[in-house]
Amino acid sequence: MKLLLRLLSAALLIMLAQACSTTGGVVPTTDSALPGNPSAPASSDAQPDLKGEFVPAVVGIPADPGSQGNYRIGPYDLLKIEVFQVPALSSQPRVNEEGFVAMPLVGNVQVGGLTLQEAELAIAGKLGENYLQNPQVNIFVAEYASQKVTVIGQVKKPGVFPVAGKTTLMQAIALAGGLDEVAKKEEIVVFRKQPTGQVNAYVVNMAAIEEGQLTDPRIIGEDRIVVPKSGIAVLNRAMGNILSGLLVRAPVY
């Protein structure tokens, strides 16, 4: 029994060290701490070179994209186009790589980069030039192919998923099968490219969203969601495994 206790104590110390090294949290930085800054203090404990770029980080949800977050048609999207009371002009074309769809009578129409409402007006305008009076056009996306969100880290099914209409952070994580048991839900990071081309990082507390204390933010195409690992959760799981093993293997008197 004493041997088991010593083994258990040693295992706990090892797991605690591993947990501290796998916390996966976001570490705030200042300009003076960036590599290559001459004002940064010298240290004998040299850190390894960091791969990638530093990006501005904000604790909180990303701003609602508003009208800019409306779905914009892209290459290879499959559209369902209906012309009111003219079924012969209705079709289901796929957007080509240049952003055009082929329409009966009017030929190719540029819709890539447009919202659905803008595309409806563009096609109605073409039809109204020579063929119809006040045409009414409705467009639906039958298959999303162009705008996607990436979800990686501590989720059950990491991958790249299509953004279908208005998608929130919780919905995007649900597409990835949900969080796994060691996810650090208090520090989920959303990387978003700004109109200027700069990428910002938003550190979002999913636990607060689940409790209704924080708004579930909208996700847009090309967002990247990274779910870090919680060192405490790793330790708790390992503890449970060891204790379960002891209960199974301990002699029964």
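Everything discussed here concerns the structure shown above.
The rules behind these values
Residues numbered from 1 in each chain as written. Predicted model: local features only at pLDDT ≥ 70, side-chain atom pairs only at ≥ 80, totals over all residues. Heavy atoms only, no water. Pairing = 2+ DSSP bridges. Helix = DSSP H or I, 4+ residues; strand = E, 2+ residues; numbered from the N terminus. Axes fitted to C-alpha atoms, helices over the stretch in contact; angles between N-to-C directions. Buried < 20%, exposed > 50% of the residue type's maximum accessible area, 1.4 Å probe, protein only. Contact = heavy atoms within 4.5 Å. Core = buried A, V, L, I, M, F, W, Y, C linked by side-chain atoms within 4.5 Å.

**Student:** Go over the sheet that holds strand S9 (residues 188-193), please, and point to the residues and values.
**Tutor:** On the basis of which strands lie adjacent, the open sheet formed by 6 strands has the order S1-S10-S9-S12-S6-S7 and mixed pairing. Pairing within the sheet leaves two strands with one partner each, and these edge strands are strand S1 (57-59) and strand S7 (159-162). Here the strands of the sheet are splayed against their neighbours by 20° on average, with no regard to which way each runs. Pairing geometry for strand S6 (residues 148-153) and S7, over 4 bridges, is antiparallel.

**Student:** How would you explain unusual backbone geometry if you had to name every residue and give the values?
**Tutor:** Backbone geometry places Leu 105, a non-glycine residue, at a positive phi of 75°. Judged by its relative accessible area of 52%, Leu 105 is exposed. Positive phi values are uncommon outside glycine, yet Asn 134 reaches one of about 50°. Locating Asn 134 in the fold gives a position in the loop between helix H2 (116-130) and strand S5 (137-143). Residue Asn 134 is classed as exposed on the basis of its relative accessible area of 68%.

**Student:** Hey, could you go over the pairing of strand S12 (residues 224-227) for me, with residue numbers and the actual values?
**Tutor:** Side chains Ile 225 and Val 227 of S12 all project onto a buried face; the interleaved residues Arg 224 and Val 226 project onto a face where none is buried. Pairing of S9 with S12, which is carried by 3 bridges, proceeds in the antiparallel orientation. Looking at the pairing, Phe 191 lines up with Arg 224 of S12.

**Student:** Give a detailed account of the side chain of Thr 168, specifying residues and quantitative values.
**Tutor:** Tracing the sequence through the fold places Thr 168 in strand S8 (residues 167-168). Look past the residues within four positions of Thr 168 in its chain and what remains in contact with it is Asp 216, Pro 217, Arg 218 and Ile 219.

**Student:** Explain the nonpolar core residue by residue, including any values.
**Tutor:** Counting 20 residues, the largest nonpolar core has Leu 169, Leu 179 and Ile 225 as its most contacted members. Counting residues per element, the ones that place at least two in this core are S6, helix H3 (169-175), S9, strand S10 (199-204), helix H4 (206-210) and S12. Ranked by residues supplied to this core, first place goes to H3 with 3 residues. The contact partners of Leu 169, leaving out residues within four places of it in the chain, are Val 190, Val 204, Met 206, Ile 209, Asp 216, Pro 217, Ile 219 and Ile 225. By size, the runner-up hydrophobic cluster in this structure holds 19 residues, among which are Tyr 71, Leu 89, Val 95 and Ile 123.

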